[in-house]
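# Summary of the model geometry
Residues per chain are reported as follows:
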Amino acid sequence: MGVENVSVIFKLYCLTVMTMVAATYIVALRYTRTITTGEMYFSTTAVCLAEVIKLILSLGILSNESGSPSRLKNIIVEHVFCSPKELLKLSVPSLVYAIQNNMAFLALSNLDAAVYSVTYQLKIPCTALCTVLMLNRSLSRMQWFSVFMLCGGVTLVQWQPAESTKVQVEQNPFVGFIAIAIAVLCSGFAGVYFEKVLKSSDTSLWVRNIQMYLSGILVTLIGVFINDGDHVMEKGFFFGYTPWVCFVVFLASVGGLYTSVVVKYTDNIMKGFSAAAAIVISTVASVILFGLQITFSFTTGAILVCVSIYLYGLPKQDTSKLKTANNTDPASKQKLITV
Ligand code: NCC
């Protein structure tokens, strides 16, 4: 399916599901790290397991797309076994995502979910910066302004009172904030790197995902052994897995795949903008459907989000034309002004 042939409805559907999954993921992850009845699971194994599930699901989708087992085999041989250079290229984002995904567990073990979600919005300007530097795209001053306005708007929209439940583990907010800072940098860099690789060739998204998840499994497995090796050997890979932990791993897998589809059909900056819009729309829907009370900070944030989306979408001023106009005769200047 070509990017241009994909309907707006499908893009909106993917963005909305991605945003809903991400919101649930953060809360569920926090719950499993802080409210516990038994012994704590090893977070490194959860990150690794999610990579395995994403690989299996991507293989399933690719096999469906390719039509026959023999075609699937040919694609795998060509793009995996005979493409060590491509595998190496994709090992860069897989390593960075492995660090980011582990940082999310560390941060959410030390900070409440609302503080995490709000602080994590710093990824929006960070992604914009990576897009400009790595994809050679330019943003107008107005677009930069709208990126920061969006960041502020989402922060206000998600502003909630701190958790009322008592957490049952010791927390270190400083460690939490350092982990978020690392996650923000990783998200911006890995997202834009993956987008660059994906859009610079005709290779299918699912092939790119398979290439990335293969090295992802290796890297996260190394993470398991470095961090929890002795304990995992003693207690087992699935030690402490409750239905909630399985749910978190499931969300991490599904959320990751939806993220890849969103990046394919839009881009990383649009991902930030659209996710913000989806948060606002879903809250407005909750007001209409369930009578949810909206706060002043939500209203202010929602207005900022809407204005920033409008400003970001405004056509860029073509400064090169204006410069030329300054050096040409008055008639052509007049023509440019009327255009
Ligand atoms: O931080 P974020 O995304 O940029 O992280 C991207 C997540 O998607 C996975 N991924 C990416 C590309 C690809 N081809 N395959 C993938 O599986 C990466 O492994 C990484 O987990 C966001 O924009 O806010 C978003 O946030 C995450 C998640 O909430 C945060 O990282 C938590 O710290 C969302 N992931 C999930 O909900 C599971 C993502 O959907 C959106």
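Throughout what follows, the structure given in this document is the object of discussion. Everything numeric here is computed off the predicted structure, so don't read it as measured data. (Residues numbered from 1 in each chain as written. Predicted model: local features only at pLDDT ≥ 70, side-chain atom pairs only at ≥ 80, totals over all residues. Heavy atoms only, no water.)

Further remarks concern the overall build of the protein. A tally of helices and strands in the protein yields 14 helices and 0 strands. Ordering the α and β elements of the protein from the N terminus gives α-α-α-α-α-α-α-α-α-α-α-α-α-α. Here the protein holds 339 residues, and the buried ones make up 47% of them. Taking contacts inside the protein between residues at least 6 apart in sequence as the whole, the part at least 24 apart equals 86%. (Helix = DSSP H or I, 4+ residues; strand = E, 2+ residues; numbered from the N terminus. Buried < 20%, exposed > 50% of the residue type's maximum accessible area, 1.4 Å probe, protein only. Contact = heavy atoms within 4.5 Å.)

Turning our eyes to something else, we now look at the side chain of serine 43. Considering the arrangement of structural elements, one finds serine 43 in helix α2 (residues 43–66). A relative accessible area of 14% places serine 43 in the buried class. Discounting residues that sit within four places of it in the chain, serine 43 has contacts with Arg33, Asn102 and Phe105.

The environment of the ligand is formed by 24 residues, the closest being Asn101, Tyr116, Tyr120, Tyr213 and Lys271. Serine 187 places a side-chain nitrogen or oxygen 2.9 Å from an oxygen atom of the ligand. Here a nitrogen atom of the ligand sits 2.6 Å away from a polar atom, N or O, in the side chain of tyrosine 213. Protein contact buries 95% of the 740 Å² of open area that the ligand shows by itself. (Near = heavy atom within 4 Å. Polar contact = N/O pair within 3.5 Å; in protein donor to acceptor, adjacent residues only side chain to side chain. Areas by Shrake-Rupley, 256 points an atom, 1.4 Å probe, with all protein chains shown as cover.)

In terms of nonpolar packing, the biggest core is built from 33 residues, with Leu62, Ile76, Phe194, Leu205, Trp206, Ile210 and Val261 touching the most fellow members. Taken together, the elements giving at least two residues each to this core come down to α1 (8–34), α2, α3 (69–81), α6 (123–135), α8 (173–199), α9 (205–235) and α10 (243–265). At 7 residues, the largest contribution of residues to this core is made by α9. With sequence-adjacent residues up to four places away left out, tryptophan 206 is seen in contact with Ser58, Ile61, Leu62, Glu65, Leu257, Ser260 and Val261. (Core = buried A, V, L, I, M, F, W, Y, C linked by side-chain atoms within 4.5 Å.)

Let's shift gears to the packing of aromatic side chains. By the definition in use, this model includes 14 aromatic pairs. Both rings, one in tyrosine 31 and one in tryptophan 244, keep their centres 5.0 Å apart while their planes meet at 55 degrees; by these two values the pair is tilted. Residue tyrosine 31 is found in helix α1, and its partner tryptophan 244 is found in helix α10; the two are separated by 213 residues along the sequence. With a relative accessible area of 35%, tyrosine 31 lands in the partly exposed category. Centre to centre, the rings of tyrosine 41 and phenylalanine 105 are 6.4 Å apart; their planes meet at 80 degrees, and the pair counts as edge-to-face. Here phenylalanine 105 lies in helix α4 (residues 84–110) and tyrosine 41 lies in the loop between α1 and α2, a separation of 64 residues in the sequence. In this structure tyrosine 41 comes out as buried when scored by relative accessible area, which is 3%. Pairwise contacts between aromatic rings join Tyr41, Phe105, Phe237, Phe238 and Tyr241 into one cluster. Sitting over the ring of tyrosine 41, arginine 33 keeps its end group 4.8 Å from the ring centre. (Phe/Tyr/Trp six-rings, centres within 6.5 Å; stacked < 30°, edge-to-face > 60°. Lys NZ or Arg CZ within 6 Å of the ring centre and 35° of its normal.)

With 27 residues, α8 should cover 39 Å at 1.5 Å per step; its first-to-last C-alpha distance of 38 Å lies within 8% of that length. For α8, the N-terminal capping position is held by asparagine 172, with its side-chain oxygen 3.1 Å away from the main-chain nitrogen of phenylalanine 174. (Expected span 1.5 Å × (residues − 1).)

Attention shifts here to the environment of serine 7. Locating serine 7 in the fold gives a position in the segment before α1. Residues serine 7 and tyrosine 265, spaced 258 residues apart in sequence, show a C-alpha to C-alpha distance of 9.8 Å.

Contact pair α2 / α10: the axes reach a minimum separation of 8 Å and the direction vectors enclose 50 degrees. The angle between α2 and α10 places the two elements in the oblique class. At the point where α2 passes α10, the crossing takes the right-handed sense. Contacts between α2 and α10 involve Ala46, Leu49, Ala50, Ile53, Lys54, Leu57 and Ser58 on the former and, on the latter, Val249, Ala252, Ser253, Gly256 and Leu257. Tallied by class, residues from the contact of α2 with α10 come to 8 nonpolar, 3 polar and 1 charged. (Axes fitted to C-alpha atoms, helices over the stretch in contact; angles between N-to-C directions. Parallel < 35°, antiparallel > 145°, perpendicular 65-115°, else oblique. Left-handed = near helix turned anticlockwise from the far one by under 90°. Nonpolar A, V, L, I, M, F, W, Y, C, P; charged D, E, K, R; others polar.)

Looking now at unusual backbone geometry. Phi angles above zero are rare outside glycine, and asparagine 136 is one such case at about 55 degrees. Relative to the assigned elements, asparagine 136 resides in the loop between α6 and α7 (141–157). On the basis of relative accessible area, asparagine 136 is assigned to the exposed category, the value being 70%.

Packing of α1 against helix α11 (residues 268–290) leaves a shortest axis separation of 9 Å and a crossing angle of 75 degrees. Judged by the angle between their axes, α1 and α11 are roughly perpendicular. Listed contacts from α11 to Leu15, Thr16, Met18, Thr19 and Met20 of α1 are Lys271, Ser274, Ala275, Ala278, Ile279 and Ser282. Class assignment for the residues of the contact of α1 with α11 results in 6 nonpolar, 4 polar and 1 charged.

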